[in-house]
Amino acid sequence: MKANKLTRAVQLALTGVLVASGASQAQQEIERTTTAQTSAEAQTANDEERISITGTRIKRDSFSVSTPLVVMDKEAIQDAGLENLAEVLVENMPSLSAGVSNSNSQSSVQNTGLSTIDLRDLGTDRTLTLIDGRRVVSNSYSGNYISLSTIPAKMVERVEIISGGASAVYGSDAIAGVVNIITTQGSEGFNINAKGGGTTNGGGEEFSLDAGYGSSFDNGKGYVYMASSWDREFGIKATDRGRSAVEADFDYNTSLLCNEMDTIDGDQCMRDITQADWANKSDDAPGGVFEEEGADEGKGWYYTEAGLQSGFNQNEHGYASSQLGNLKIPEDRFATAVKVDYAISADTEFYGQLHYSLNESYNVKTPEGQDENDDELLLDPDTNLPVAELPEPGEIQPDNPFIPDEIAANHSSQIDWDRRFTEVGNVTTDNKRETLRTFAGLRGFVFNDWNWDVSAGYGKFKQEQTRLNEINIINLSQGLNAERLNDGTIQCKDAAARQAGCVPVNLFGLGSITPEMADWIRANPTITTDIEQINVVGYMSGELFELPAGPVSSAFGIEYRRDTQKLSTSEEQRYGGITFNVVPTFKGDMDVIEAFGELSLPLVRDAALAQSLDMDLSLRLADYSPENIDIVSSFKTGLTWVPVNGYLIRANFARAQRAPNITELLSPPRGDYDSFNDICDGVTADSTDEGHEACRQDPGIQAAIAQNGVFEDETSGYSPNTGNPNLKEETADTYTLGISAQPEQIEGLRIALDYYDISIKDAIGQVENEDILTECYNSSAPYGESNPFCNDIRRDEDGQLQEILQRVFNLDEIITRGYDVAAEYRFETQNWGEFTFRTDWTHVIEYTVTRETISDGLQSNRYDGELDSGIFTDSAVASITWRQDGWRLRWKARYKSDSVDDFGREEDYLELFAENDTACAQNSDDCITNPEVPAYLYFPSYITHDLSVSYDLPEEVSGADMRLYAGVKNLFDNLGPFVPRVGDVQSGSRGNFESQFGGGVGRYVYAGLSMNF
């Protein structure tokens, strides 16, 4: 394999990265392609063996690609002080955001414990993650989610990120770009790293142990590297943070134009109260609440440690859930991997890798709460449709033997109740994930200087999820229907239920539900996901012919991939009747065969104002097995121009695609509940509100009007997600234009500026429930079967909504534009060591989503600068690094610009103020003289600071190659602004913390030891 040139090739590549991006050994490298070389240097590069660079299969020097490339090396990863690779990347690269993480997935059904990234905020599904340039099996049935926590830390040499469409090289999903994890190569001997840390506010402890070993064998023909990682994150409980105990339910009073918080006396303007008055509790309680509506009449019974009480007040006596649950989910991770290279002959090499990981997360939530009218979805196993009458626990009958005398003496009819089932246990999501990834192949040379590569890969992912301590509503209803026999024995009334093992359930009192009762009503549904991927790829690369400016390089090949997916669920998970979403069993597969080619054309060399000018061309054609997806063509054209020494200009246009995944295509309805208003609520025989004329055409609504004079909505909010076999591929056009500069006049200064413009057509998305209702009942399209939105709405015989299918469609156009700036200045002093100053900044000019509706044509919504969307107008990272005599000290600051909670809230507020201005100008009694700007609508910028230090001990002192390191993240403990967890605020908040502002982690201190021997 021409091993004698390998060392020089690696050195040359690293030199190119340094020249192009200005990265240093201690700093994140931004490879903005070519910062110009002299002609002699370029010729030297052409004479050397070239290596693979992310974004192309053509072997080339690393500073001659036209697409912006960001590189983060091992040293920068180590200095981040985090074990989770996704967190490291998100914290150091402003163009990246967290996809799924342990700080934002507490409410997810299937994705707790994943660790994914999102480039340009276009979604994890549109960011293709690779390992050594290869696709790998997904870690979720939700989409192509690659969890970065499945890779051993010592196996990661560096991470390369391409911004912009790369489907022409790598195929589907590379719309936003590519994240390529390059594995360790060439490391010799053992390396062990141990690290521990925790937050200064309590909780958040982490411990990790990483080991790696590399060695050549058989006289240098072969090389093997093995790595393993074990990491335990203890998570952060809400009880670890005092802010989580604040009961904040915020609303804006649109009549008084004041900010309100809920109290034990109801909503009150915040100007008239203090935080000590805030209160927000649920309307249930451990031990139960009975006849809550009769509290003013001496009823409203509830239990405390002192026994039965009356006069229940929800915000005074209800269940306080604000300090239960996790701010950061605990997780255990183990990953191991091995890679082998072996030179079979002078021109042929075998290579292979095997990766295995085991990830377990445990997300503890509050115990389940229920009342007598809380019905739950139950599907008919034969039709897979909801049964006509959904099960509910029901009222407690007056002859129930558990009713206390005081309640029985004051109530002779059925008893309403509301209870928190603490004896059953906290609702908990237990996720266990196993991932196996392997590939092997042969590569070598043919025709003297052509490279060839043929390989096959296999991946298997298995997730076993158990949802603990949900409530079986059918069993609860049977248990509440109890009777006392003459001998004093209490039993379930229903004989069939007794035959099934029914246990009478006592709701009255703290701890009144015995372990036997809890076992009878407890439900532990399970979901098992199996995903497999087979991948075969072969390609050749080499020089086709000579142009006056140099040789034309090329690469071409074919690739086959098959993805299969199976989702298996337990019976109660599949058909419902429990306090959890219905998730059906389904399976599917997809095949694709692709052909691809690349050309690199040298157009000009050593001309006036053109030391070099090169063009890159690539094309990929893909044939997918789903009938609705045509032959997909992706292509790219790029130019790199070096006008004078030290300056590079590059431009790139790419057409990229994302094919729908198996779940988007084939999933049957997967249960979900959403809050929405039925457009038909309040319809009468002659009402004229929007949509009411069409509403009256529904037979159930007609019957309700005939019987009651009005139809009143009592919907449960059931809105399952479902696939769509008619989906086609998304198509994105990406333009990038950039310049890199390394002026000779300022030694050590490097600057890069890149503009991007990404437009995605036919983007796959869902229509909101209220929009579905509007499109059916109040659009230019006729109501009925010819309207596709009406077909996704189902009502029962009383006109009540039984379900609205949230089907996915090709319906959006997404546009995002912005620019990235990277600057670095490095210099050495005679006595004070080496200093490196660096900044990376991403500015979003536009992020809009446009949707075509039946009723209103095109509707566009803006999201840049909106906290609820997590898209900040400006994000930046800046650092200063000092090195001397084995010491390394780094200070780093991260910045996120100010934001608006939700643009819809802002629009409503501006309309309210405009109406009030008009009322005041007319001297109306409705005028509010001092209206308050809505609180928690505008949030300030967010800045954190990190400090890290390391020292390489001399071998004569330590007896080994040893490095000690320590650091503090978020040095000044910036927890971000207070974000109420309940009410009008739209951005997601848990414990009154926002995940975009650290999610309550705060200051984190760590220390570790690394040894090589």
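Residues numbered from 1 in each chain as written. Predicted model: local features only at pLDDT ≥ 70, side-chain atom pairs only at ≥ 80, totals over all residues. Heavy atoms only, no water.

You'll find the protein chain entered in an unreviewed UniProt entry as TonB-dependent receptor, with Lacimicrobium alkaliphilum given as the organism. According to the UniProt record, the Subcellular location (unreviewed entry) comment for the protein chain reads "Cell outer membrane". (UniProt positions renumbered as here; feature names shortened; annotations may be inferred.)

> So, the overall build of the protein chain: which residues are in play, and what are the values?
In terms of helices and strands, the protein chain carries 17 helices and 52 strands. With the principal axes as the frame, the protein chain shows a C-alpha extent of 100 × 70 × 65 Å. Relative to its 1013 residues, the protein chain shows a buried fraction of 56%. Put simply, the protein chain shows about 41,000 Å² of open surface, and 50% of that area lies on carbon and sulfur atoms. Measuring between centres, the 77 positive side-chain charges of the protein chain sit 10 Å from its 164 negative side-chain charges. (Helix = DSSP H or I, 4+ residues; strand = E, 2+ residues; numbered from the N terminus. Buried < 20%, exposed > 50% of the residue type's maximum accessible area, 1.4 Å probe, protein only. Areas by Shrake-Rupley, 256 points an atom, 1.4 Å probe, with all protein chains shown as cover. Lys, Arg positive; Asp, Glu negative; His and termini not counted. Charge placed at Lys NZ, Arg CZ, Asp CG, Glu CD.)

> Talk me through the sheet that holds strand 16 (residues 301–304); I want residue IDs and the actual numbers.
By way of backbone hydrogen bonds, the strands of a sheet pair with one another, either parallel or antiparallel. Pairing in this open sheet of five strands is antiparallel, and the strands run 17-16-15-22-21 from one edge to the other. Only two strands of the sheet have a single neighbouring strand rather than two, namely strand 17 (307–309) and strand 21 (369–371). Of the pairings in the sheet, the one linking strand 16 to strand 17 comprises three bridges and is antiparallel in character. Each bridged residue has a counterpart across the sheet, and for threonine 304 the counterpart in strand 17 is glycine 307. (Pairing = 2+ DSSP bridges.)

> Can you explain the sheet that holds strand 14 (residues 266–269)? Please cite residues and give values.
Ordered by their spatial adjacency, four strands build an open sheet running 14-13-12-49, and the pairing between neighbours is mixed. Both edges of this open sheet fall to strand 14 and strand 49 (982–983), since each of them pairs with a single strand only. Note: strand 12 (residues 249–253) against strand 49, two bridges, orientation parallel. Bridged to phenylalanine 250 within strand 49 is glycine 983.

> Quick rundown of the pattern of salt bridges? Include the residues and the values.
Applying the stated criterion to the full structure yields 55 salt bridges. Across the pair arginine 562 and aspartate 591 runs a salt bridge, and its minimum N-O distance is 2.6 Å. Taken together, the positions of arginine 562 in strand 30 (residues 550–569) and aspartate 591 in strand 31 (residues 586–607) put the pair 29 residues apart, joining distant regions of the chain. According to the relative accessible area criterion, aspartate 591 is buried, its value standing at 17%. Bridged by salt links that share partners, the residues Glu75, Asp79, Glu834, Arg883, Arg888 and Arg890 form one connected network. (Salt bridge = Lys/Arg side-chain N within 4 Å of Asp/Glu carboxyl O.)

> Which residues make up the environment of asparagine 259, and what are the values?
With respect to the helices and strands, the residue asparagine 259 is situated in strand 13 (residues 258–263). Counting along the chain gives 366 residues from asparagine 259 to serine 625, while the straight-line C-alpha distance between them is 55 Å. The residues touching asparagine 259, leaving out its near neighbours within four places in the chain, are Phe250, Asp251, Tyr252, Gln268, Cys269, Met270, Glu932, Val933, Pro934 and Ala935. A polar contact is formed between the side chain of asparagine 259 and the backbone oxygen of valine 933, at a distance of 3.1 Å. (Contact = heavy atoms within 4.5 Å. Polar contact = N/O pair within 3.5 Å; in protein donor to acceptor, adjacent residues only side chain to side chain.)

> Outline the nonpolar core, listing residues and values.
With 43 residues, the main nonpolar core has Leu85, Leu89, Val159, Ile161 and Ile760 as its most contacted residues. Beyond its immediate chain neighbours, meaning those up to four positions away, leucine 85 contacts Ile77, Leu148, Val156, Val159 and Ile181. If you look at the next biggest cluster of nonpolar residues, it comprises 26 residues, including Tyr303, Ile396, Ile471 and Cys502. (Core = buried A, V, L, I, M, F, W, Y, C linked by side-chain atoms within 4.5 Å.)

> I'd love a proper account of the packing of aromatic side chains, names of residues and values included.
Scanning all chains against the criterion turns up 26 aromatic pairs. Taking the centre distance of 4.4 Å and the plane angle of 35° together, the rings of phenylalanine 190 and tyrosine 213 count as tilted. In this pair, phenylalanine 190 sits in strand 8 (residues 189–199) while tyrosine 213 sits in strand 9 (residues 206–217), placing the two residues 23 residues apart along the sequence. Assessed through its relative accessible area of 41%, phenylalanine 190 is described here as partly exposed. Ring geometry for tyrosine 936 against phenylalanine 978: centres 6.1 Å apart, planes inclined by 40°, an arrangement best described as tilted. (Phe/Tyr/Trp six-rings, centres within 6.5 Å; stacked < 30°, edge-to-face > 60°.)

> Please set out a nonpolar patch on the surface residue by residue, giving values where relevant.
Judged by side-chain polarity, Phe190, Ile192, Phe207, Leu209, Trp230, Phe234, Phe334 and Phe1013 come together as a nonpolar surface patch covering roughly 760 Å² of accessible area. Broken down by secondary-structure element, the contributors of at least two residues to the nonpolar patch are strand 8 and strand 9. (Patch = residues over 30% accessible without salt bridge, like charges linked within 9 Å, V, L, I, M, F, W, Y side chains within 5 Å.)

> Provide a residue-level description of the pairing of strand 22 (residues 417–420), including the pertinent values.
Burial along strand 22 is two-sided: Trp417 and Arg419 facing one way and Asp418 and Arg420 facing the other are all buried. Two elements, strand 15 (residues 289–290) and strand 22, share two bridges in a ladder whose sense is antiparallel. Bridging across to strand 22, phenylalanine 290 finds its partner in tryptophan 417.

> Let's hear about unusual backbone geometry: which residues, and what values?
A positive phi angle, near 60°, is found at aspartate 121, a position not held by glycine. Secondary-structure assignment places aspartate 121 in the loop between strand 4 (117–119) and strand 5 (127–131). Positive phi values are uncommon outside glycine, yet asparagine 992 reaches one of about 70°. Its location among the elements puts asparagine 992 in the loop between strand 50 (989–990) and strand 51 (993–994). Taking the relative accessible area as the measure of exposure, asparagine 992 reaches 0% and is therefore buried.

> Go over the state of the cysteines with me, naming the residues and quoting the values.
Every disulfide links exactly two cysteines, by a covalent bond between their sulfur atoms. Under the defined criterion, the tally for this structure stands at five disulfides. Sulfur-sulfur distance for the disulfide between cysteine 258 and cysteine 269 comes to 2.0 Å. Given an S-S torsion of about -70°, the disulfide between cysteine 258 and cysteine 269 has left-handed geometry. On the criterion of sequence distance, the pair formed by cysteine 258 in strand 13 and cysteine 269 in strand 14 is long-range, its members being eleven residues apart. (Disulfide = S-S within 2.5 Å.)

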